[in-house]
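Chain by chain, the residues run as shown.
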Amino acid sequence: MLQEESDLSLVIAQIVQKLQGSSLYSQLERQAWASLQRPEIKLESLKEDIKEFFKITGWEKKLQNAVYNELNMFPLPAHPAAPPEHLKEPLVYMRKAQGSWEKRILKSLNSMCTELSIPLARKRPAVEQKELLNKWNEMGTDEPDLSLFRPVYAPKDFLEVLINLRNPNYENGDSLSFRTHLGLIQVPLKVKGIPELKEFFVELSLTTGQLGIDDSTQVPPELFENEHVRIGQKVLAEQDSAAAQQYVRQGSPTALRAELWTLILNISSQPEDILYYEQLKTNVIQHDLLVDSLIYKDVKLTASNDDYYFVFEDYLYQVLLCFSRDTSVLGHFAYNSASPPKSYIRGKLGLEEYAVFYPPNGVIPFHGFSMYVAPLCFLYHEPSKLYQIFREMYVRFFFRLHSISSHPSGIVSLCLLFETLLQTYLPQLFYHLREIGAQPLRISFKWMVRAFSGYLATDQLLLLWDRILGYNSLEILAVLAAAVFAFRAVNLMEVTSLAAAEAVLADLSTLKVMPLLQIFLFATVT
């Protein structure tokens, strides 16, 4: 009991400290001072009267949403004596593996710098600044020579690192016998089985109405949809983040999705937010970074060639270039196993007082990074709003897909969950693919790293991301990956090579996400 009280007080202290540095805190302070002029505020009942004033004027709800947002994002506080790196990642071997991976990324970036004789950063000449400002809304028409640039790494490079990950506390043979796990991931992490997944994703059950299901024996789809829209409008009217998060577990109506996601992520487009975006834009105009070329290259290689997303090329450049300059993103490294890379002023290598984070947001883009932004362009057409949504999605979810950690939503756990589901519930398929040298994870890894962006049709992808937001978890990515293999199992049992297996699973654009998930979790698997 004492321990629980101690933990609760730590949580409260952490949230209070975080909120005290926010714009909401100063707004609440201003409102409280302003309320003192009102006749209904009495000195003898000052505290209760101000609380009542906040409730009536809606500020109490805004504060509740902010607290809920912090509870969703931050891990529970560790023991006060625990070092800060335990908050980043409790397992030492995971931290070491992440550190080694970061060194490889930096080596790749530095060698590109040296080969191309390009500085990491430079101030743009005035003429170039003016030119970039003039074409800010049509950067897609620009065709810089990017032939010499290459992505710093691709998902398949990252997969090789994860395959070689080992817990040194086990002897070579122990890890395998510990789990009798025959997949590529050989680390003993606890992942959910089907019974736990059924309990966790209970709203996806066959008896619960879902958007994204064409037919249902329980309720005609149009009746459910009309009622669901009505409830959604009520949730938005209440402006309650927790209610919105619960609501989208059954899917978001297309017309309400943008507002619901904004509410769940607790984003309010205040004038200062728009001003902050403009400041980031100014930083892009004034300084050219090497990572800018990596962003250009990635967009050209991925989104520009995608039938759904090529029209958003300009938005992608704007958002990603501003993102690379955003130092507020550095805050997420407090609970991310990764650490932001450092660069030193020329001639001052190793002197910490001359060190700066590079890029300023601490995130080096990789092949496919722009696909985290592309689907959001369907929902948000105002650049500063689109930017805020993407940044919040990244620091809450997407960073976990390209860093090594033991978190249940981290990519290592997702890979292990995927392999465990296949091995346990589709053993014949798993062993067949393994025997022909087509380990399933080699095919599904790219889907999960991108959160299926670029693989599913956009309407289906947004239904999937509804559930990521609704459950505040990425585990559904691994479940869907396993469900895709289950759906194509008959064809996969006939293939005799990795190339043939990849061909069977090459096109996911016709798949319906919700029926796949429901059947896999609640119908075929026991």
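Residue positions are given per chain, counted from 1 along the sequence in the order it is written. Totals for whole chains, interfaces and linings use all residues, but because this is a predicted model, local features are given only for residues with pLDDT of at least 70 and pairs of side-chain atoms are given and counted only at 80 or more. Hydrogen atoms and water are omitted, and side-chain values are computed over all heavy atoms in the structure.

The chain is annotated in an unreviewed UniProt entry as TBC1 domain family member 19 isoform X1 of Erinaceus europaeus.

> Help me understand the overall build of the chain in this model?
Here a strand is any run of E in DSSP of at least two residues, a helix any run of H or I of at least four, and the numbering for each starts at the N terminus. In terms of helices and strands, the chain carries 25 helices and four strands. Each residue's exposure class comes from its accessible area (1.4 Å probe, protein chains only) as a fraction of the maximum for that residue type: buried when under 20%, exposed when over 50%, partly exposed otherwise. The buried share of the chain, taken over its 526 residues, is 51%. Contacts in the chain between residues far apart in sequence, at least 24 positions, make up 76% of those at least 6 positions apart. Values of accessible area rely on a 1.4 Å probe in the Shrake-Rupley scheme; residue burial ignores everything except the protein chains shown. Of the roughly 25000 Å² of accessible surface on the chain, 56% is carried by carbon and sulfur atoms. Whether two residues are in contact is decided by their heavy atoms: any pair within 4.5 Å suffices.

> How do you make sense of the side chain of serine 453 when you look at a structure like this?
Of note, serine 453 is situated in the loop between helix H20 (440-449) and helix H21 (458-471). Taking relative accessible area as the criterion, serine 453 reaches 0% and is therefore assigned buried. Those residues in contact with serine 453, other than ones at most four positions away along the chain, are Tyr309, Met371, Pro375, Leu461 and Trp465.

> It is not clear to me how the confidence of the model for the chain should be interpreted in this structure. Could you clarify?
Low pLDDT marks stretches whose predicted atomic positions should not be read closely. pLDDT expresses how confident the predictor is about each individual residue, on a scale running from 0 to 100. Counting all residues, the mean pLDDT for the chain is 86, and 89% of those residues have values of 70 or more. Between residues 174-179, whose pLDDT stays under 50, and residues either more than four places distant or in other chains, the model counts 13 contacts.

> How should I be thinking about the pattern of salt bridges in this particular structure?
Between side chains of opposite charge, a pair can form when the charged atoms approach closely. Salt bridges are defined as contacts in which a side-chain nitrogen from Lys or Arg sits within 4 Å of a carboxyl oxygen from Asp or Glu. Tallying each qualifying case throughout the model produces 17 salt bridges. For lysine 190, the salt bridge goes to glutamate 196, with nearest N and O atoms at 3.5 Å. The network of salt bridges with common partners includes Arg122, Arg124, Glu128, Asp288, Asp292 and Arg325.

> Please clarify how the layout of surface pockets should be interpreted in this entry.
If you roll a probe as big as a water molecule over the atoms, it shows you where there is empty space left. Whether a set of points on the 1 Å grid over the protein atoms alone is a cavity depends on a 1.4 Å probe fitting there but being unable to get out, while an open set qualifies as a pocket with protein on both sides within 12 Å along at least five of seven lines; lining residues are those with an atom within 4 Å of a point. Grid points are joined across faces, edges and corners, and a volume is the space filled by probe spheres set on the points. Here the largest pocket defines a volume of roughly 1400 Å³. What lines the largest pocket is a set of 45 residues, and nearest its centre among them are Ser23, Asn69, Asn266, Ile267 and Glu392. Put simply, the parts of the chain that give the lining of the largest pocket at least two residues each are helix H1 (2-20), helix H2 (23-35), helix H4 (59-73), helix H11 (221-238), helix H13 (254-264), helix H14 (271-286) and helix H17 (383-396). Ranked by the residues each element gives to the lining of the largest pocket, the list is headed by H4, at eight residues. Three categories are distinguished: nonpolar for Ala, Val, Leu, Ile, Met, Phe, Trp, Tyr, Cys and Pro, charged for Asp, Glu, Lys and Arg, and polar for the others, with Gly belonging to the last. Residues of the lining of the largest pocket, tallied by class, amount to 17 nonpolar, 17 polar and eleven charged. Note that the domain bounds were set by an automatic or database domain assignment. Two domains each put at least three residues into the lining of the largest pocket: domain 1 (1-77) and domain 2 (86-163 + 268-398).

> Help me understand H21 in this model?
Residue pairs three or four apart in sequence face the same way in an α-helix, which turns once every 3.6 residues. Residue count minus one, scaled by 1.5 Å, sets the expected span of a helix. Taking 1.5 Å of rise per residue, the 14 residues of H21 would be expected to cover 20 Å, and the 20 Å separating its terminal C-alpha atoms lies within 8% of that figure. Of all 14 residues in H21, 13 are buried; the element is thus mostly enclosed. Just downstream of H21, asparagine 472 is the residue with a positive phi angle, here 50 degrees.

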